[in-house]
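# Topology and contacts: notes
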Amino acid sequence: MTDDGLKRILDRTRVIAVVGLSPNPARPSHYVARYLSLCGYRVIGVNPGHAGATLFGETVRGVLTELPPEVDMLDIFRRSEAVGPIVEDGLAHLPLLRTVWMQVGVVHEGAAQMARARGLDVVMNRCLKIEHQRLTGERREGGSIPA
C-alpha cells in the first residue's frame, strides 16, 4: 500500500470498529483507539469480554453483528489465526465497510484476498496510529491531544 493509498483511506474513513479493544489504557488497542477518537474518528470497540462498557463515548459491542451499518473500517487487534471469521462477519454485516486494517504482527492472506475480492482495501502488519501520525504530522504521545 502506497502512502497515497493510506492517505486516501484515512481521509475517507469516518467510523472505525476496533476489534479486540481493551479498556486497559496500557494496551495498544486502547491507546490507538483513544488517539483515533481524539482525531475525530468515531471509534466503536468490539470485545465480548467487555460488551456493554462505554469507551470513547460508544458502547462496546460483543460481536461484529451488533455494530451499526455505518462502520467503514475494521481495525483488528487479534491473533492472525482469528482474522478470517472477523473479516467474513464484517463483509456479511457491514454494508459500508471499505477497509480491513490488521495491526502490527497481524497477517492473514486468505482474509485479505476475500476482502480485496469484494473491493475493499486491506492493510496488514501496520499500526493505524503510527501511520496516521506519519502521514498527518501528528506527533502527540499516547493518544493525548491537548484541549
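Here the structure is a predicted model, which means the values were calculated and not measured.

## Digging into the environment of Leu120
Mapping Leu120 onto the fold places it in the loop between helix 4 (109-117) and strand 7 (121-123). Leu120 sits 69 residues away from Ala51 along the chain, and the two C-alpha atoms are 27 Å apart.

## A short note on the confidence of the model for the protein
Residues with a pLDDT of 70 or more make up 94% of the protein, whose mean pLDDT is 94. For residues 143-147, every residue scores under 50 in pLDDT, and the model assigns this stretch 12 contacts once sequence neighbours within four places are set aside.

## What about unusual backbone geometry?
Notably, Phe56 is not glycine yet its phi reads approximately 55°, a positive angle. Its place among the elements puts Phe56 in the loop between strand 3 (54-55) and strand 4 (58-59). The residue Asn125 is not glycine, and still its phi comes out positive at about 60°. Along the chain, Asn125 falls in the loop between strand 7 and helix 5 (128-136).

## Digging into the sheet that holds strand 7
Judged by pairing direction, the sheet is parallel, and its 5 strands sit side by side in the order 2-1-5-6-7 without closing on themselves. The sheet is open, and its two borders are formed by strand 2 (42-46) and strand 7, each paired with just one other strand. Here the strands of the sheet are splayed against their neighbours by 15° on average, with no regard to which way each runs. Across the sheet, helix 3 (residues 83-93) is in contact with strand 1 (15-19), strand 5 (73-76) and strand 6 (99-102); its angle to strand 5 comes to roughly 165°.

## Some remarks on the pattern of salt bridges
Counting across every chain of the model gives 8 salt bridges. For Arg12, the salt bridge goes to Asp121, with nearest N and O atoms at 2.7 Å. Within this pair, whereas Arg12 is found in helix 1 (residues 3-12), its partner Asp121 is found in strand 7, the two being separated by 109 residues in sequence. Assigned by exposure class, Arg12 and Asp121 land together as buried. One salt bridge connects Glu58 with Arg42, and the closest N-O pair in it is separated by 2.7 Å. Within this pair, whereas Glu58 is found in strand 4, its partner Arg42 is found in strand 2, the two being separated by 16 residues in sequence. The structure contains a network of salt bridges with shared partners spanning Asp3, Arg126, Glu131 and Arg134.

## Here's the deal with the packing of aromatic side chains
Scanning the model with the defined rule gives 0 aromatic pairs in all. Directly above the aromatic system of Tyr35 lies the positively charged group of Lys129, at a separation of 5.3 Å from the ring centroid.

Scoring rules and cut-offs
- Residues numbered from 1 in each chain as written.
- Predicted model: local features only at pLDDT ≥ 70, side-chain atom pairs only at ≥ 80, totals over all residues.
- Heavy atoms only, no water.
- Helix = DSSP H or I, 4+ residues; strand = E, 2+ residues; numbered from the N terminus.
- pLDDT = per-residue confidence, 0-100.
- Contact = heavy atoms within 4.5 Å.
- Pairing = 2+ DSSP bridges.
- Axes fitted to C-alpha atoms, helices over the stretch in contact; angles between N-to-C directions.
- Salt bridge = Lys/Arg side-chain N within 4 Å of Asp/Glu carboxyl O.
- Buried < 20%, exposed > 50% of the residue type's maximum accessible area, 1.4 Å probe, protein only.
- Phe/Tyr/Trp six-rings, centres within 6.5 Å; stacked < 30°, edge-to-face > 60°.
- Lys NZ or Arg CZ within 6 Å of the ring centre and 35° of its normal.

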